[in-house]
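# Residue-level structural notes
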Amino acid sequence: MPDLISRKPGRHFLQIPGPSNVPDRVLRAMAGPTIDHRSREFAQLTAQILEKIGRVFQTAEPVLLFPSSGTGAWEAALVNTLSPGDRVLAFETGHFAALWRNIALRLGLEVEWVEGDWRRGVDLSMVKAKLAEDRDHTLQAVLVVHSETSTGALSDVAGVRGVLDKTGHPALLLVDTISSLASVDYRHDEWGVDVTVCCSQKGLMLPPGLGMNAISQKALKASDSAGLPRSYWDWGPVLKMNQRGFFPYTPPTNLLFGMDEALGMILEEGLEKVFARHRRLAEATRIAVRAWELEMCCPDPSGCTDSLTAVWMPDGHDADELRRLILDRFNMSLGSGLGKVKGRVFRIGHLGDMNDLMLAGTLCGVEMGLGLAGVPHRKEGVTAALDHLASTA
Ligand code: PLP
């Protein structure tokens with residue numbers, strides 16, 4: 001029996017790629033008394049949040065919040081824009097792209113699925129080929145996972161927009177930014193995205209519980225005629241009630257207190273600085289992995305997300321055993337390999353409220369764990385990462 005009650009002094013290191021560490025300021029904001037969700041005070045809170053969240057999505061268009069996980073926000077994006085039997089184009093960048101496809105299939109959509117090797121983002125030449133071949137415009141939407149949390153691959157959303165524009169294809173562009181928003185540069189309006197899907201527990205530094213859809217006018221128009229059944233996820237009543245600062249159901253009030261605070265913190269730091277901080281921590285992590293002489297799931301550094309790093313285990317070594325050992329010995333959680341790469345990959349989350357010393361501690365835990373687990377590596381990763389952090393303040 002595992003010893004579940006022995007005290008573990010100090011802070012747990014939550015270094016999975018979300019949920020990420022929730023800052024004390026946000027925890028304190030959430031600890032306030034719950035208020036009447038039909039009061040003027042609440043309406044003011046909603047207005048503040050919707051104004052700030054738009055700046056984070058880099059959009060002037062509406063952003064909708066749902067009390068849900070990211071999976072709910074995926075479903076909301078589909079049921080509000082599509083009809084039974086509609087065709088959508090989707091790319092197998094990894095586990096989360098596959099889960100989104102499964103939802104589309106269960107909803108009765110037809111998915112044109114472009115297989116992939118889970119080591120890179122969306123291949124723009126395949127986007128071009130698929131759209132060019134669809135001369136009758138039977139594809140209604142293109143689904144892209146911006147930051148594939150299972151592999152660490154980043155897809156070029158502006159590039160996909162460019163292909164849609166060049167081929168003159170009218171399909172909607174639906175993008176999952178669940179592990180990229182507020183960590184990696186993302187521009188809903190400039191990149192002409194129709195629905196951006198996100199949730200609270202990653203770059204936004206909140207606990208799980210809020211799903212989001214940022215939408216375009218084109219998506220809004222599509223929702224007038226979309227025929228998939230929808231009730232809870234229907235954008236219409238939310239948009240209507242939000243105008244007065246309310247929701248068509250009881251909202252998660254205290255999570256919204258936290259969101260107001262977290263968005264304030266992100267905007268206080270400045271989006272550019274938030275992205276630069278994530279880039280620098282990600283680079284230090286990639287430097288460590290290379291110095292350990294381990295392989296990254298995503299071999300091309302220019303195609304990696306800055307929110308996490310997925311590391312391949314050498315043959316014959318089990319990633320889950322390594323993670324278990326690191327949790328037991330050093331009280332640190334790392335992300336597991338998901339789906340096809342279960343046991344082959346472990347993931348280091350470096351998103352959200354992170355700084356140099358938190359990353360240094362994380363990498364120390366990994367390096368000590370690799371040694372204790374007998375995983376072949378060079379003991380140079382931490383030193384190389386610290387050198388990078390020290391020289392790039
Ligand atoms: N999409 C991506 C890229 C994710 O990383 C996740 C979860 O980690 C999801 C979707 C699903 O979100 P949730 O688990 O909150 O439903």
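A quick note: this is a predicted structure, and the numbers were derived from the prediction, not measured. (Residues numbered from 1 in each chain as written. Predicted model: local features only at pLDDT ≥ 70, side-chain atom pairs only at ≥ 80, totals over all residues. Heavy atoms only, no water.)

### Details of the overall build of the chain
We count it as follows: Strands here mean DSSP runs of E at least two residues long; helices mean DSSP runs of H or I at least four residues long; both are numbered from the N terminus. Note on method: radius of gyration uses C-alpha positions; expected globular size equals 2.2 Å times residues raised to 0.38. Whether a residue is buried, partly exposed or exposed follows from its accessible area with a 1.4 Å probe, protein chains only, as a fraction of its type maximum: under 20%, in between, or over 50%, in that order. By definition in these notes, contact holds between two residues if any of their heavy atoms fall within 4.5 Å. Each accessible area is a Shrake-Rupley result for a 1.4 Å probe, and residues are judged covered by the shown protein chains and nothing else. When charges are counted, Lys and Arg contribute as positive and Asp and Glu as negative, whereas His and the chain ends are disregarded. Charged groups are reduced to one reference atom each: NZ for lysine, CZ for arginine, CG for aspartic acid, CD for glutamic acid.
A tally of regular secondary structure across the chain gives 13 helices and 14 strands. Here the chain has a C-alpha radius of gyration of 21 Å; the compact-globule value for 393 residues is 21 Å, and the two agree. The C-alpha extent of the chain, read off along each of the three principal axes, is 60 × 55 × 45 Å. By residue count, 57% of the 393 residues in the chain fall in the buried class. Partitioning the intrachain contacts of the chain with sequence separation of at least 6 by distance along the chain shows that 74% fall at a separation of at least 24. As displayed, the chain offers around 16400 Å² of accessible surface, 53% of which is attributable to carbon and sulfur atoms. Of the side-chain charges in the chain, 41 are positive and 47 negative, and the distance between the mean point of each set is 2 Å.

### Observations concerning the sheet that holds strand β3 (residues 87-91)
Heads up, the condition is: For two strands to count as paired, DSSP must find a minimum of two bridges between them. Here the axes come from fitting lines to C-alpha atoms, over the contacting stretch only for helices, and the angles between their N-to-C directions go from 0 to 180 degrees.
The seven strands lie next to each other as β2-β10-β9-β8-β5-β3-β4, forming an open sheet whose pairing is mixed. Edge strands, defined here as strands with exactly one partner in the open sheet, are β2 (63-67) and β4 (110-114). Going across the sheet, the axis of each strand differs from the next one's by a mean of 20°, ignoring polarity. The strands that helix α4 (residues 95-106) touches are β3, β4, β5 (139-145), β8 (172-176) and β9 (195-199); relative to β4, the one it contacts most, it runs at about 160°. In the packing of helix α6 (residues 157-167) onto the sheet, contacts are made with β5 and β8, and the angle to β8 comes to roughly 170°.

### A few points about the environment of Gly 152
Among the structural elements, Gly 152 can be located in the loop between β6 (147-148) and β7 (153-154). Exposure remark for Gly 152: the relative accessible area of 3% places this residue in the buried category. Sequence spacing of Gly 152 and Ala 310 is 158 residues, and the spatial spacing of their C-alpha atoms is 5.7 Å. Not counting chain neighbours up to four residues away, the residues in contact with Gly 152 comprise Cys 298, Gly 303, Cys 304, Thr 305, Leu 308 and Ala 310.

### Some remarks on the packing of aromatic side chains
Defined as follows: The aromatic pairing rule takes the rings of Phe, Tyr and Trp, using the six-membered ring of Trp, and pairs them if the centres are within 6.5 Å, calling planes under 30 degrees apart stacked, those over 60 edge-to-face and the rest tilted.
According to the stated counting rule, one finds eight aromatic pairs in the structure shown. Ring plane angle 70° and centroid distance 5.2 Å describe the contact between Phe 66 and Trp 233, whose orientation is recorded as edge-to-face. Of this pair, Phe 66 sits in strand β2 while Trp 233 sits in the loop between α7 (217-225) and α8 (235-242), and the two are 167 residues apart along the sequence. With a relative accessible area of 0%, Phe 66 lands in the buried category. You can call Trp 233 buried: its relative accessible area is 15%.

### Describing the site of the ligand
Heads up, the rule is: The cutoff for a nearby residue is simple: one of its non-hydrogen atoms must lie within 4 Å of the molecule or strand. Polar contact is the term for a pair of N or O atoms within 3.5 Å; when the atoms are in protein, one must be able to donate a hydrogen and the other to accept it, and sequence-neighboring residues count only if both atoms are side-chain atoms. Amino acid classes used here: Ala, Val, Leu, Ile, Met, Phe, Trp, Tyr, Cys and Pro are nonpolar; Asp, Glu, Lys and Arg are charged; the rest, including Gly, are polar.
In the vicinity of the ligand, 13 residues are found, and the nearest of them are Ser 69, Thr 71, Thr 149, Asp 176 and Lys 202. Ser 69 has a polar side-chain atom sitting 2.7 Å from an oxygen atom of the ligand. Within the side chain of Thr 149, an N or O atom sits 2.5 Å from an oxygen atom of the ligand. Contact with the protein chains hides 86% of the accessible area of the ligand, taken as 390 Å² for the molecule alone. A class-by-class count of the residues in the shell around the ligand yields five nonpolar, six polar and two charged.

### As for the domain arrangement of the chain
One widely used convention gives an interface's size as the accessible area the parts lose upon coming together. What counts is decided by this rule: Domain segmentation is taken from an automatic or database assignment of domains. Summed over both partners, the accessible area lost on bringing two parts together, with a 1.4 Å probe, is the buried area. Whenever a carboxyl oxygen of Asp or Glu lies within 4 Å of a side-chain nitrogen of Lys or Arg, that contact is scored as a salt bridge.
Entries for the chain in the domain assignment read domain 1 (10-20 + 270-391) and domain 2 (24-267). Look at where the C-alpha atoms of domain 1 and domain 2 centre, and you get two points 27 Å apart. At the interface, 31 residues of domain 1 touch 29 residues of domain 2. Both sides together, the interface formed by domain 1 and domain 2 hides about 2500 Å², and carbon and sulfur atoms give 57% of it. Along the contact surface separating domain 1 from domain 2 lie three salt bridges. Lys 340 is the partner of Glu 92 in a salt bridge, and the nearest nitrogen-oxygen pair spans 2.6 Å. Applying the counting rule to domain 1 against domain 2 returns 16 residue pairs in polar contact (both at pLDDT 80 or more).

### A short note on helix α13 (residues 381-391)
Let me state the cut-off plainly: Directions from the helix axis toward the C-beta atoms define the arc.
Every buried residue belonging to α13 is among Gly 381, Val 382, Ala 385, His 388 and Leu 389, and all of these are buried. The buried residues of α13 all sit within an arc of 125° when viewed along its axis, so they share a single face. Opposite the packed face of α13, turned more than 90 degrees from it, sit the exposed residues Ala 390 and Ser 391. Looking at the buried positions of α13, the neighbouring elements they touch are α10 (271-292) and α12 (356-372).

### Looking at the pairing of β3
Cut-off, in case you're wondering: The definition of a right-handed crossover adopted here requires that, viewed with the strands pointing away, the path from the first strand over the helix to the second runs clockwise.
Of all five residues that make up β3, four are buried, and the element is covered over most of its length. Relative to β4, β3 runs parallel, the two sharing five bridges. Residue pairing in the sheet places Phe 91 in a bridge with Val 114 of β4. In terms of handedness, the path from β3 via α4 over to β4 forms a crossover that is right-handed. Here four bridges tie β3 to β5, and the two strands are oriented parallel to one another. From the neighbouring strand, Arg 87 faces β5, where its bridge partner is Leu 139.

### Some words on unusual backbone geometry
If a residue is not glycine, its phi is most likely negative; likewise, a peptide bond is most likely trans. Note the cis peptide between Gly 18 and Pro 19, where omega equals -5°. By the element assignment, Pro 19 lies in the loop between β1 (13-15) and α1 (24-30). Located in the positive-phi region is Gln 58, a residue other than glycine, with phi close to 55°. When you line up the elements, Gln 58 lands in the loop between α2 (40-57) and β2. When its relative accessible area of 26% is taken as the criterion, Gln 58 is described as partly exposed. In this structure, Asn 331 takes a positive phi of about 55° despite not being glycine. Relative to the assigned elements, Asn 331 resides in the loop between α11 (319-330) and β13 (332-334).

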